[in-house]
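Chain by chain, the residues run as shown.
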Amino acid sequence: MSQTLEDAEKLFQLLPHVRLGFFPTPFYKLDRLSEKLGVNLYIKRDDFTGMNLFGGNKIRKLEYLLGEAKAFGCEYAITYGATQSNHAMETAAACRRCGIKPILYLTAVVEPDEKDVRANLLLDKILGVELHIVDIKPGETEDEAEARSFQMGAERAAELNASGHPCYDIPMGGASVTGSVGFAHGFVEFQRQLEETGIRADYIFHATGTGGTMAGLAAGRKLVENPAKIVSVTVSYKNEAYVKKVEDLANEVLKKIDSPLRVTREDLCIDTGYFAPGYEQPNEAASEAIRLLARTEGLFVDPVYTGKALAGLIDYVRSGKVPQGSNVVFWHTGGATALFAEQEILGDLYQM
Ligand SMILES: Cc1ncc(COP(=O)(O)O)c(C=O)c1O
């Protein structure tokens, strides 16, 4: 390991954290899909982080978030998301592992069917969380309903705190500075794998939602001076304010680990071209990417996050935006449970 990496590792050790996952996650070449696409395609298996069957990117964030919650002596943790949120389910699971009581405020972006509860919502119920479903009122937008859920959660947290039951409030996606630190750490882990294998990454593709993963990756890349271009494929509409939010978050991460380095706008590349028609709404390119990966490599991506990111990667390669022969990494962020969600989320997956 280079001196820079050893020094970087030490920065993370100083922050409170709990051990939830199994790291490093595997990193290897996808030979058959590489041949099909004409690039050297590698995968970083954060679908495989553990701590339960479903893993995903949230585990890295939760190691630091719940580490902080425990350091604060919290009895409860509250978080937010859609009814099929991976983040909410993994937060609840991680809370159980840490002996913290989980509370979820979930916005019904897709209306759950009480007689056929599926995927993450089913797991939330098995985990026995204190569950609050926030329906979208007539005339209300998804964002407005979400904002209302944050308000309700903040009130519940205030009530618990006032009655002597400390409660840790985790933002949607775990996209706080503390959460994103986990992904900066993840990039250091990845850099060590690159050095050990002698692989130079030209491009890294991943799915971005709340931006916490993207901010952490950008901060980590800066920390270890990796020249790869990170392409962050969005899973919903985003604007310039989002990029600014991610830039600020990445810089807060660097400050938190006492690094003098800073991320700039030029370090960030977001592509909004692959999410349509909307969050949790399937599209054909993602369905094709899901089938292609399954049928060449026996691996699964999901229709909400990783399928859309992989569709972006495939399109960049096919259209020549990523030159043939490049070394391309697909950072798999998990989300497999969506493959068992409502039909509305799945779309047309099993075409021949
Ligand atoms: C499977 C999966 N991939 C990617 C993301 C996006 O991560 P972030 O919210 O940190 O942008 C999420 C967030 O929920 C996710 O569940």
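The notes below deal with the structure included here. Note that the structure is a prediction, hence the values are computed from the model and not measured.

1. A closer look at unusual backbone geometry
Working step 1: Residue Phe 23 is joined to Pro 24 through a cis peptide bond whose omega torsion reads 0 degrees.
Working step 2: Relative to the helices and strands, Pro 24 is located in the loop between helix 1 (3–13) and strand 1 (27–29).
Working step 3: A positive phi angle is found at Glu 225, which is not glycine, with a value near 55 degrees.
Working step 4: Its place among the elements puts Glu 225 in the loop between helix 8 (212–224) and strand 8 (229–234).

2. Digging into the packing of helix 4 (residues 86–98) against helix 5 (residues 119–126)
Between two packed helices, both the angle of their axes relative to each other and the distance between the axes serve to describe the pair.
Working step 1: Relative to each other, helix 4 and helix 5 sit at 20 degrees, their axes nearing to 9 Å. By the angle between their axes, helix 4 is roughly parallel relative to helix 5. Like other packed secondary-structure pairs, helix 4 and helix 5 cross with a definite hand, here left-handed. For the pair formed by helix 4 and helix 5, the contact residues are Asn 86, Ala 88 and Met 89 on the first element and Asn 120, Leu 123 and Asp 124 on the second.
Working step 2: Along the lines of polarity and charge, the residues of the contact of helix 4 with helix 5 split into 3 nonpolar, 2 polar and 1 charged.

3. Looking at the pairing of strand 10 (residues 327–332)
Working step 1: For strand 10, the tally of buried residues reaches 6 of 6 residues, placing the bulk of the element in the interior.
Working step 2: Of the two faces of strand 10, both are covered, the one formed by Asn 327, Val 329 and Trp 331 as well as the one formed by Val 328, Phe 330 and His 332.
Working step 3: As defined by bridge partners, strand 2 (residues 40–45) adjoins strand 10 across 6 bridges and the pair is classed as parallel. Within the sheet, the bridge partner assigned to Asn 40 lies in strand 10 and is Asn 327.
Working step 4: Note: strand 7 (residues 203–208) against strand 10, 3 bridges, orientation parallel. Looking at the pairing, Ile 204 lines up with Val 329 of strand 10.

4. Some words on the site of the ligand
Working step 1: Residues in close proximity to the ligand total 15 residues, the closest being Lys 61, Gly 209, Thr 210, Thr 213 and Thr 333.
Working step 2: Here an oxygen atom of the ligand and a side-chain polar atom of Thr 210 are 2.6 Å apart.
Working step 3: Taking Thr 213, its side chain carries an N or O atom lying 2.7 Å from an oxygen atom of the ligand.
Working step 4: Coverage of the ligand by the protein amounts to 98% of the 380 Å² it exposes when considered alone.

5. Things to note about the sheet that holds strand 4 (residues 101–107)
Hydrogen bonds between backbone atoms are what pair the strands of a sheet, whose relative direction is either parallel or antiparallel.
Working step 1: As summarised here, the arrangement of the 4 strands in space is 5-4-3-6, forming an open sheet in which the pairing is parallel. Pairing within the sheet leaves two strands with one partner each, and these edge strands are strand 5 (130–134) and strand 6 (167–169). The mean inter-strand angle of the sheet, taken between neighbouring strand axes irrespective of direction, is 20 degrees.
Working step 2: Of the pairings in the sheet, the one linking strand 3 (residues 76–82) to strand 6 comprises 3 bridges and is parallel in character. Residue pairing in the sheet places Tyr 76 in a bridge with Cys 167 of strand 6.

Cut-off values and rules
Residues numbered from 1 in each chain as written. Predicted model: local features only at pLDDT ≥ 70, side-chain atom pairs only at ≥ 80, totals over all residues. Heavy atoms only, no water. Helix = DSSP H or I, 4+ residues; strand = E, 2+ residues; numbered from the N terminus. Axes fitted to C-alpha atoms, helices over the stretch in contact; angles between N-to-C directions. Parallel < 35°, antiparallel > 145°, perpendicular 65-115°, else oblique. Left-handed = near helix turned anticlockwise from the far one by under 90°. Contact = heavy atoms within 4.5 Å. Nonpolar A, V, L, I, M, F, W, Y, C, P; charged D, E, K, R; others polar. Buried < 20%, exposed > 50% of the residue type's maximum accessible area, 1.4 Å probe, protein only. Pairing = 2+ DSSP bridges. Near = heavy atom within 4 Å. Polar contact = N/O pair within 3.5 Å; in protein donor to acceptor, adjacent residues only side chain to side chain. Areas by Shrake-Rupley, 256 points an atom, 1.4 Å probe, with all protein chains shown as cover.

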